Amino acid sequence: MAANRGWVRTLRHARQEVVLPGSLGNVVSAAVDAWAAEGKLKRLWERDATLWTGRDESEWLGWLGIVHDQLQRVDELTRFAGELGGEGFGHVVLLGMGGSSLCPEVLKRTFGRIAGHPELHVLDSTDPAQVLALERVVDLSRTLFIVSSKSGSTLEPNIFEQYFFERAKQVVGAERAGHRFIAITDPGSRMQKVAEQSRFRRVFHGIPSIGGRFSALSDFGIVPAAVMGLNVRRLLERTADMVRLCSADVLPVDNPGVLLGAVLGAGALQGRDKVTLVASPGVAGLGAWLEQLLAESTGKVGKGLIPVDLEGLGPPEAYGDDRLLAYLRLEQAPDPAQDRAVEALERAGHAVVRIGIADTYDLGREFFRWELATAVAGSIIGINPFDQPDVEASKVATLALMAESAKSGRLPSETPLIEEDGTRLYADEANATAIRSAVDVRNTFEGWIRAHLDRLRPRDYFALLAYVEMKDDHFGALQNIRHAVRDRWRVATCVGFGPRFLHSTGQAYKGGPNTGVFLQVTCDDAVDLPVPGEPYTFGAVKAAQARGDLTVLAERGRRVLRVHLGKDVQTGLRRLSEAVRAALA
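Residues numbered from 1 in each chain as written. Predicted model: local features only at pLDDT ≥ 70, side-chain atom pairs only at ≥ 80, totals over all residues. Heavy atoms only, no water.

Engineer: Break down the overall build of the protein for me, with residues and values.
Structural biologist: Along its length, the protein carries 22 helices and 17 strands. For the protein, the C-alpha radius of gyration of 23 Å lies close to 25 Å, the compact-globule estimate for 585 residues. With respect to the three principal axes, the spread of C-alpha positions in the protein is 65 × 65 × 45 Å. Across the 585 residues that make up the protein, the buried fraction comes to 62%. In the protein, the proportion of contacts linking residues at least 24 apart, taken out of those at least 6 apart, comes to 78%. Averaging the locations of the 69 positively and 73 negatively charged side chains of the protein gives two centres separated by 1 Å. (Helix = DSSP H or I, 4+ residues; strand = E, 2+ residues; numbered from the N terminus. Rg over C-alpha atoms; globule rule 2.2 N^0.38 Å. Buried < 20%, exposed > 50% of the residue type's maximum accessible area, 1.4 Å probe, protein only. Contact = heavy atoms within 4.5 Å. Lys, Arg positive; Asp, Glu negative; His and termini not counted. Charge placed at Lys NZ, Arg CZ, Asp CG, Glu CD.)

Following this line, the structure appears as C-alpha cells:
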C-alpha cells in the first residue's frame, strides 16, 4: 500500500501492477479474498459451471489446456509451414470474422512480413471496396487462402470463400484451385464439407469446447502463426509460463489472471466499466482482440464492460470517473508520451492496470492472461462469459433483410428524417421522436447531429459504427470526431468498422449496459462485387448487415441515429465532422 497512490498491488513475476482509488481497491481485495476462501480458482480449473450461471459453462473451457496440447504439435505445424514455403507462396490470405480473424490480425500487425515466408493478410469485411483492395495487393497465382470459421456456417467467411475460390479457378485452373485453400473449422461443420468437396489441400480442426474469442492459442491462431513464419515453439513456451502463473496452485492474491479479473469484475460492478486500452505502438493490434474478448464475454443482460480501443490519450480533465485504464507497455520499445500521459491519469486518481510485455513473443502470455481474467470477471459480474445472445439477433435480422432483397431485388425502402447535399439521416420512430423534440427550429443536418449528441450523459459512451472501407483516411476522420466528442462531453468513445464489430463489440452495444449513444455511418458503394452462386452482392450484404444492426439496436432501446454519406465517403465524413464541431459551440 502506498499512501499517495491509493490501493496498489504489484506482481513482479507477472509484470503486472494495479493502482486503484482506495474504495475500488477495497472491493477488489475483498473479491480476491473470496476467491481464496471459497476455492474458486480450483473450481475454475476443474470446470465448475456453478462459478457462473450453472448452465453450459463447463462445456466451453477447453482453452485452459490448449497450450499444453499445442506444444505437442509444434513439429507438425512447422513441417506444414515448410511445405508451403517450398512451393513459393508469396501471400497467405485469411478469410474469417471475429474470433477466427482477430488473433491472426494481431499477429499480422505486430510482426508484419517475416523474411523468407509468405505475407499474411486478413479479410473480415463485406465492404466491396475492402475486398477489392485486398485483391489488388496480392498475386493470386502465388496466394494460399485460409478459410477460418469455427461453426462453418458464418455468412462472411462462406461468401469470401465463394468469391476467392472462383477467382482462384480463373487464375490457376479448376483442377488446381482447391490446392490453394486450407480450412480451419470444427469437426463435421459445413465448411469441412465444402473443403472436402472442393478438395482443399488440408483441413485443421478447431476444438468444440473452445469458443471463437477464446481460440487464439488453438489452430485458429497458431496455424496462421506458423504459416507466416513465427517461431510457434517460442510463442507457446512463453505462454506456458503464464499458464503456470495462472494455475490453481498459485494463490489468488499472487495470480495475475485472478487479480486482473477481480479488477475488471469489480470495476464493472462499481461503475468503472469503460476499459480504456492503451498499448505501445509495437503491440497496438492487441486492442482489437481484447475488444472482442471483453465486450462479447461480459456485455449481456444489461451488465458488462465496454472496451475502448485506439482512443488517443488526453489530459485528465477529459476523463470521467467511469474509466479503468489498462496500459500494455512493450518494454523493448515503450512510448515516452504514453508513459507520461498514463502517469498523469494515475496522479489524477484514475484506476490504472500496467502490464509489461517484454517483447512481441509475449503476445501468447497476454492471450492467456486476459482469457483467464475474463472468465474470472464474468463470475464476479454474474454472467455467462461464453455465450453471445445478442450477436445472433443481428444475424437473424440481416438474413431476413437479405431474403426480402432476394425476392424483390432490393432492400425495403426508407424515408429519411432529413436530406442535405446528398447526406441523409435515418432513425426508428422512438429515436426520431426523441431527437426531433430537441432539434432547433432550423431543422438542419447540424441541428439533428447536435440534438443526438446532447443525449449524452455522465458515464455514457459514444460509439461510431462505420460501414465504410477500413482505411487510414476514413479512420483518421472518425478519430477526429470521437476525440471532439470525448473532450466536449467527457465520455468514453469507440470506433468500430462494420460488419466486423458485429462479431465483437456489437454484443455489448446491444446486450450490455444501456449507456451508449450510437451514430451509425453508412454509404453507397462506388463499386460492387457479385457473390458467385448467390442472388446478391457484397454491397447488398453489407447494407443488410447495417440495417439489421440498426433494427436490433432500436429494439433494445438504444439511442441511435444513422447518417448515410452517399458515394463520396471522404466528403461525407468531412461534412459530418463539421456538424459535430458545430455541436460543440
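Moving on from the coordinates now.
Engineer: I'd like a rundown of the sheet that holds strand β7 (residues 202–205), residues and numbers included.
Structural biologist: The 5 strands are arranged β4-β3-β5-β6-β7 in an open sheet whose pairing can be described as parallel. Edge positions in the open sheet fall to β4 (119–123) and β7, since each of these has one partner strand only. Ignoring strand direction, the axes of neighbouring strands in this sheet form an average angle of 20°. The pairing of strand β6 (residues 181–185) with β7 spans 4 bridges and is parallel. (Pairing = 2+ DSSP bridges. Axes fitted to C-alpha atoms, helices over the stretch in contact; angles between N-to-C directions.)

Engineer: If you had to explain the packing of helix α10 (residues 219–227) against helix α11 (residues 232–245) to someone new, which residues and values would you point to?
Structural biologist: Remark: α10 packs on α11, axes separated minimally by 10 Å, with the N-to-C direction vectors making an angle of 140°. Mapping the contact onto sequence places Ile-222, Ala-225 and Ala-226 in α10 and Val-232, Leu-235 and Leu-236 in α11. Taken together, the residues of the contact of α10 with α11 sort by class into 6 nonpolar, no polar and no charged. (Nonpolar A, V, L, I, M, F, W, Y, C, P; charged D, E, K, R; others polar.)

Engineer: Before we move on, can you summarise the nonpolar core with the specific residues and values?
Structural biologist: One finds Val-28, Leu-44, Trp-63, Leu-264, Trp-289, Phe-368 and Trp-370 to be the most contacted residues of the largest nonpolar core, which totals 99 residues. Top element by residues in this core is helix α15 (residues 363–381). It accounts for 10 residues. In this structure, Leu-464, Ala-477, Val-485 and Leu-561 belong to the second largest nonpolar core, which totals 38 residues. (Core = buried A, V, L, I, M, F, W, Y, C linked by side-chain atoms within 4.5 Å.)

Engineer: Residue-level account of unusual backbone geometry, with values.
Structural biologist: With an omega of 5°, the peptide bond between Gly-498 and Pro-499 qualifies as cis. By the secondary structure assignment, Pro-499 is in the loop between β15 (492–497) and α20 (506–511). One non-glycine residue, Arg-15, adopts positive backbone phi at about 55°. The topology assignment puts Arg-15 in the loop between β1 (7–11) and β2 (16–20). Residue class for Arg-15 comes out partly exposed when judged on its relative accessible area of 34%. Its identity is not glycine, yet Arg-47 carries a phi of approximately 65°, on the positive side. Taking relative accessible area as the criterion, Arg-47 reaches 33% and is therefore assigned partly exposed.

Engineer: Summarise the pattern of salt bridges; cite the residues concerned and give the values.
Structural biologist: As enumerated under the stated definition, the model contains 44 salt bridges in all. The partner of Glu-135 in a salt bridge is Arg-167, and the shortest N-O contact between them spans 2.6 Å. Of this pair, Glu-135 sits in helix α6 (residues 128–137) while Arg-167 is found in helix α7 (residues 155–172), placing the two residues 32 residues apart along the sequence. The exposure class assigned to Glu-135 is buried, which follows from its relative accessible area of 14%. One salt-bridge network, held together by shared partners, links Arg-15, Arg-238, Asp-241, Arg-244, Glu-331, Asp-359, Asp-362 and Arg-365. (Salt bridge = Lys/Arg side-chain N within 4 Å of Asp/Glu carboxyl O.)

Engineer: Give a description of the side chain of Arg-213 that names residues and reports values.
Structural biologist: Tracing the sequence through the fold places Arg-213 in the loop between β7 and α10. Look at Arg-213 and you get buried, because its relative accessible area is 4%. At 2.9 Å, the side chain of Arg-213 forms a polar contact with the backbone oxygen of Asp-387. When sequence neighbours within four positions are dropped, the list of residues in contact with Arg-213 reads Gly-99, Trp-289, Gln-292, Leu-293, Glu-296, Ser-297, Lys-300, Glu-371, Pro-385, Phe-386, Asp-387 and Gln-388. (Polar contact = N/O pair within 3.5 Å; in protein donor to acceptor, adjacent residues only side chain to side chain.)

Engineer: Give a description of the packing of aromatic side chains that names residues and reports values.
Structural biologist: Applying the stated criterion across every chain yields a total of 22 aromatic pairs. Centre to centre, the rings of Phe-165 and Phe-181 are 5.1 Å apart; their planes meet at 55°, and the pair counts as tilted. Taken together, the residues Phe-165 in helix α7 and Phe-181 in strand β6 connect sequence positions 16 residues apart. For Phe-181, a relative accessible area of 0% gives the class buried. (Phe/Tyr/Trp six-rings, centres within 6.5 Å; stacked < 30°, edge-to-face > 60°.)

Engineer: An account of helix α16 (residues 389–408) is needed here, citing residue identities and associated values.
Structural biologist: Compared with an ideal rise of 1.5 Å per residue, which puts 20 residues at 28 Å, α16 spans 30 Å between its outermost C-alpha atoms and is within 8% of the ideal. Every buried residue of α16 is accounted for by Asp-390, Val-391, Ser-394, Ala-397, Thr-398, Leu-401, Met-402 and Ser-405. Along α16, the residues classed as buried sweep out an arc of 135° about the axis, all on the same side. In this structure, the buried side of α16 is in contact with α7, α13 (286–298), α20 and α21 (538–555). (Expected span 1.5 Å × (residues − 1). Arc of directions from axis to C-beta.)

Engineer: Now, about the sheet that holds strand β11 (residues 351–357): what can you tell me, with residues and values included?
Structural biologist: A sheet is described by the order of its strands in space; here 6 strands give the open sequence β1-β2-β11-β10-β8-β9, paired in mixed fashion. Lying at the two open borders of the sheet, with one neighbouring strand each, are β1 and β9 (306–309). The average angle at which neighbouring strand axes cross in this sheet is 15°, direction not considered. Sheet topology note: the strand β10 (residues 323–330)/β11 ladder contains 7 bridges and is parallel. Along β11, the bridge assignment pairs Ala-326 with Val-353. Packed on one face of the sheet, helix α12 (residues 256–270) meets β1, β2, β8 (274–279), β10 and β11 and runs near 25° to β2.

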